[in-house]
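# Architecture at a glance
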Amino acid sequence: MRLLIIEDSVRLQESLKAGFTRAGFAVDAVGDGVRGLAFAKREHYDVLVLDLMLPGRDGLDVLRELRAGKSDVHVLILTAKHSVEDRVLGLQLGADDYLQKPFSFDELLARVQALVRRQYRSKGPGIQIGNLVVDTVGRRVTMAETEVRLTRREFKVLEYLARRRGQTVTRIEIEDHIYGEERLPESNAVESTVCAIRRKLRDAGGDERELIQTRHGIGYCLESQPL
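Attention here is on the structure that accompanies the text. (Residues numbered from 1 in each chain as written. Predicted model: local features only at pLDDT ≥ 70, side-chain atom pairs only at ≥ 80, totals over all residues. Heavy atoms only, no water.)

### Overview of the overall build of the protein
- Scanning the protein for helices and strands turns up eight helices and 12 strands.
- Relative to the 2.2 N^0.38 estimate, which gives 17 Å for 227 residues, the radius of gyration of the protein is 19 Å and therefore close to what a compact globule would have.
- For the protein, the spread of C-alpha atoms along the principal axes amounts to about 55 × 30 × 30 Å.
- By residue count, 51% of the 227 residues in the protein fall in the buried class.
- A fraction of 58% describes how many contacts in the protein between residues 6 or more apart in sequence connect residues 24 or more apart.
- Accessible area of the protein: about 11100 Å², with a carbon and sulfur share of 48%. (Helix = DSSP H or I, 4+ residues; strand = E, 2+ residues; numbered from the N terminus. Rg over C-alpha atoms; globule rule 2.2 N^0.38 Å. Buried < 20%, exposed > 50% of the residue type's maximum accessible area, 1.4 Å probe, protein only. Contact = heavy atoms within 4.5 Å. Areas by Shrake-Rupley, 256 points an atom, 1.4 Å probe, with all protein chains shown as cover.)

If you want it as structure tokens, here you go:
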């Protein structure tokens, strides 16, 4: 899943980026409201973590312009401001959640994961498609009750396909959500990763033809039944 952090504290920005990366997110981070707004308008993110007291343009101004432009990205405000008025105004302008500094990273991670589930209309951490179960919190995959051991990259790709189940997902969309702004994958990275996932699911007792289907010239679709 792809996350944008707009936070002017370099130390906190780096700490958050490292923590969310370890949790499996593709993370972009900027330190001012002008660049943050540009990133949020140009790219597709699942969640935006937004500080309020930013140079250039403050967080509320960024949020106001995003919502005026019909952006539906889920926004969590992260700020040192403690007044009820600030929280109410942020929520009224379109924020989805609010967390005060100082905070526990575990709580922030849980809140962001909840927003991701809301983004993909899922209530729980487990996604089941046929005999395949993807635990997005425990980062565990089972096929026909057999555990499937995936690399970090393989899990990210499978999780994204599972969240978009029933939809055709292009290679570019997968790259955007897995790698983010900073790293460009090799040209066949997605194809080779999907092949590895199929092989591991098949070895665990699944039939890859009923799961990850190739839409030639378009992308991939994860479904419980073949078309």
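### Some points on the environment of Val34
- Of note, Val34 is situated in helix α2 (residues 33-42).
- In this structure Val34 comes out as partly exposed when scored by relative accessible area, which is 46%.
- Residues Val34 and Thr136, spaced 102 residues apart in sequence, show a C-alpha to C-alpha distance of 33 Å.
- Residues within four places of Val34 in sequence aside, it is in contact with Pro55, Gly56 and Arg57.

### Description of the packing of helix α6 (residues 152-163) against helix α8 (residues 189-203)
- Put simply, α6 and α8 touch, their axes get as near as 10 Å, and they point 90 degrees apart. Judged by the inter-axis angle, α6 sits roughly perpendicular to α8. Residue-level inspection shows Arg153, Glu154, Val157 and Leu158 of α6 in contact with α8, the latter providing Ala189, Thr193, Val194, Ala196, Ile197 and Lys200.
- When its residues are assigned to classes, the contact of α6 with α8 shows six nonpolar, one polar and three charged. (Axes fitted to C-alpha atoms, helices over the stretch in contact; angles between N-to-C directions. Parallel < 35°, antiparallel > 145°, perpendicular 65-115°, else oblique. Nonpolar A, V, L, I, M, F, W, Y, C, P; charged D, E, K, R; others polar.)

### Quick notes on α6
- Taking 1.5 Å of rise per residue, the 12 residues of α6 would be expected to cover 16 Å, and the 16 Å separating its terminal C-alpha atoms lies within 8% of that figure.
- Across the 12 residues that make up α6, a large majority, 10, are buried.
- Those residues of α6 not exposed but buried are Glu154, Phe155, Lys156, Val157, Leu158, Glu159, Tyr160, Leu161, Ala162 and Arg163. (Expected span 1.5 Å × (residues − 1).)

### What to know about the nonpolar core
- Counting residues in each nonpolar core, the largest one holds 49 residues, and the members touching the most others are Phe20 and Phe25.
- For this core, the element with the highest residue contribution is α6, accounting for six residues.
- Core analysis: the second largest hydrophobic core is formed by 21 residues, Leu50, Val75, Ile77 and Leu93 among them. (Core = buried A, V, L, I, M, F, W, Y, C linked by side-chain atoms within 4.5 Å.)

### Here's the deal with the packing of helix α7 (residues 171-179) against α8
- Look at α7 against α8: their axes get within 10 Å of each other, and the N-to-C directions meet at 85 degrees. The angle between the axes of α7 and α8 places the two elements in the roughly perpendicular class. Facing α7, whose interface residues are Arg171, Ile174, Glu175 and Tyr179, α8 presents Ala189, Val190 and Glu191.
- Among the residues forming the contact of α7 with α8, the class breakdown is four nonpolar, no polar and three charged.

### Some details on the environment of Leu50
- Relative to the elements of secondary structure, Leu50 occurs in strand β3 (residues 47-50).
- Residue Leu50 is classed as buried on the basis of its relative accessible area, which comes to 1%.
- In contact with Leu50, not counting residues within four places along its chain, are Ile6, Gly59, Val62, Leu63, Val75, Leu76, Ile77 and Leu78.

### Some details on the side chain of Glu7
- Tracing the chain through its elements places Glu7 in the loop between β1 (2-6) and α1 (10-22).
- Once residues within four sequence positions are removed from consideration, Glu7 is found in contact with Leu12, Gln13, Val30, Gly31, Asp51, Leu54 and Lys101.

### Observations regarding the side chain of Arg117
- Secondary-structure assignment places Arg117 in helix α5 (residues 105-119).
- Summary of buried charges: Arg117 has no salt-bridge partner, and the nearest side chain of opposite charge, Asp135, is 8.5 Å away.
- Ignoring any residue separated from it by four or fewer positions in sequence, one finds Arg117 in contact with Ser122, Lys123, Gly124, Pro125 and Arg163. (Lys, Arg positive; Asp, Glu negative; His and termini not counted. Salt bridge = Lys/Arg side-chain N within 4 Å of Asp/Glu carboxyl O.)

### A closer look at the sheet that holds strand β12 (residues 219-222)
- The antiparallel open sheet is built from three strands, whose spatial order is β10-β12-β11. Across the chains shown, the open sheet's two edge strands, defined by having one partner strand only, are β10 (169-170) and β11 (212-215).
- Note: β10 against β12, two bridges, orientation antiparallel. Of the residues in β12, the one forming a bridge with Val169 is Tyr220.
- This element, α6, spans β10, β11 and β12 of the sheet and lies at about 70 degrees to β12. (Pairing = 2+ DSSP bridges.)

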